[in-house]
Amino acid sequence: GIYLDEGSSYVTVEKNVVYNTDKECFHLHYGSHNTVRNNLFFGGDHSCVRISKEEEHDQALFEQNAVVTDRAPIYGFVKSPEKLKTRRNLLWSTKNNPTILWIDDVGKEYTLEAWQKKFHNDHYSRIVALHDMGIVIDDIKDFCLDCFRG
């Protein structure tokens, strides 16, 4: 996956395809004002996106990404996702229905609707079916983009 190390700030992560990783597709240790935009993330056993050390300022903007997971929640955090600003993402889980965005430290699961209500964040993201994203998938580790089929 993509990992931004300690104190990474003002970094733009853009136009990547990340899949079949041992850990998260995107992991920010800590930092500020990073932008993660227009990526295609296929996660597996771990959350697709993680911030491991929370700070008082905005740490990242996560926008216009397509995120697919098969078991894990979309986002993974130490305590709270409030320092990750999210908007206009397409989200899907192949195994969880409904798609789980985050599980808090006491085990409460947050769907997109619960996430939006609790954090007043991400009102333009949506849960979509894979075929609506142009993705054909038999297994999370074996996929193709419909637009590239001949």
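The structure we're discussing is the one just above.
Keep in mind the model is a prediction, meaning the values are calculated, not measured.

Colleague: It is not clear to me how the sheet that holds strand 11 (residues 66-69) should be interpreted in this structure. Could you clarify?
Modeller: By way of backbone hydrogen bonds, the strands of a sheet pair with one another, either parallel or antiparallel. On the basis of which strands lie adjacent, the open sheet formed by 5 strands has the order 4-8-11-14-17 and parallel pairing. Strands at the two margins of the open sheet, each flanked by one partner only, are strand 4 (17-19) and strand 17 (126-127).

Colleague: Would you explain the pairing of strand 10 (residues 60-63) in this entry?
Modeller: Every other side chain in a regular strand lies on the same face of the sheet, so the side chains alternate between the two faces. Side chains Ala60 and Phe62 project from strand 10 onto one buried face, and the interleaved Leu61 and Glu63 project onto a second face that is buried too. Two elements, strand 7 (residues 34-37) and strand 10, share 4 bridges in a ladder whose sense is parallel. Looking at strand 10, one finds that Thr35 is bridged to Leu61. Pairing analysis gives 4 bridges linking strand 10 to strand 13 (residues 84-87), with the strands arranged parallel. Counted as the bridge partner of Phe62 is Thr86 from strand 13.

Colleague: Teacher, can you tell me more about the sheet that holds strand 3 (residues 12-14) here?
Modeller: If you trace the 4 strands from one edge of the open sheet to the other, you get 3-7-10-13, paired in parallel fashion. The strands lining the two open edges of the sheet, one partner per strand, are strand 3 and strand 13. The average angle at which neighbouring strand axes cross in this sheet is 10°, direction not considered.

Colleague: Quick question: what am I supposed to make of the packing of aromatic side chains here?
Modeller: Scanning all chains against the criterion turns up 4 aromatic pairs. Between Phe41 and Phe62, the aromatic rings sit 6.1 Å apart at their centres with planes inclined by 15°, giving stacked as the arrangement. Highlighted residues: Phe41 in strand 8 (residues 40-42) and Phe62 in strand 10, separated in sequence by 21 residues. Classification of Phe41 by relative accessible area gives buried; the value is 0%. Phe62 sits in the buried class, given a relative accessible area of 0%. Here Lys53 stacks its cationic end above the ring of Tyr30, 4.5 Å away from the centre of that ring. In this structure, Lys108 is placed above the aromatic ring of Tyr110, and the distance from its NZ or CZ to the ring centre is 5.2 Å.

Colleague: Quick question: what am I supposed to make of the pairing of strand 11 here?
Modeller: Residues Ala66 and Val68 line one face of strand 11 and the alternating positions Val67 and Thr69 line the opposite face, and both faces are buried. Relative to strand 11, strand 8 runs parallel, the two sharing 3 bridges. If you follow Phe42 over to strand 11, its bridge partner there is Val68. Alignment of strand 11 against strand 14 (residues 90-93), held across 4 bridges, turns out to be parallel. Within the sheet, the bridge partner assigned to Thr69 lies in strand 14 and is Ser93.

Calculation rules
Residues numbered from 1 in each chain as written. Predicted model: local features only at pLDDT ≥ 70, side-chain atom pairs only at ≥ 80, totals over all residues. Heavy atoms only, no water. Pairing = 2+ DSSP bridges. Helix = DSSP H or I, 4+ residues; strand = E, 2+ residues; numbered from the N terminus. Buried < 20%, exposed > 50% of the residue type's maximum accessible area, 1.4 Å probe, protein only. Axes fitted to C-alpha atoms, helices over the stretch in contact; angles between N-to-C directions. Phe/Tyr/Trp six-rings, centres within 6.5 Å; stacked < 30°, edge-to-face > 60°. Lys NZ or Arg CZ within 6 Å of the ring centre and 35° of its normal.

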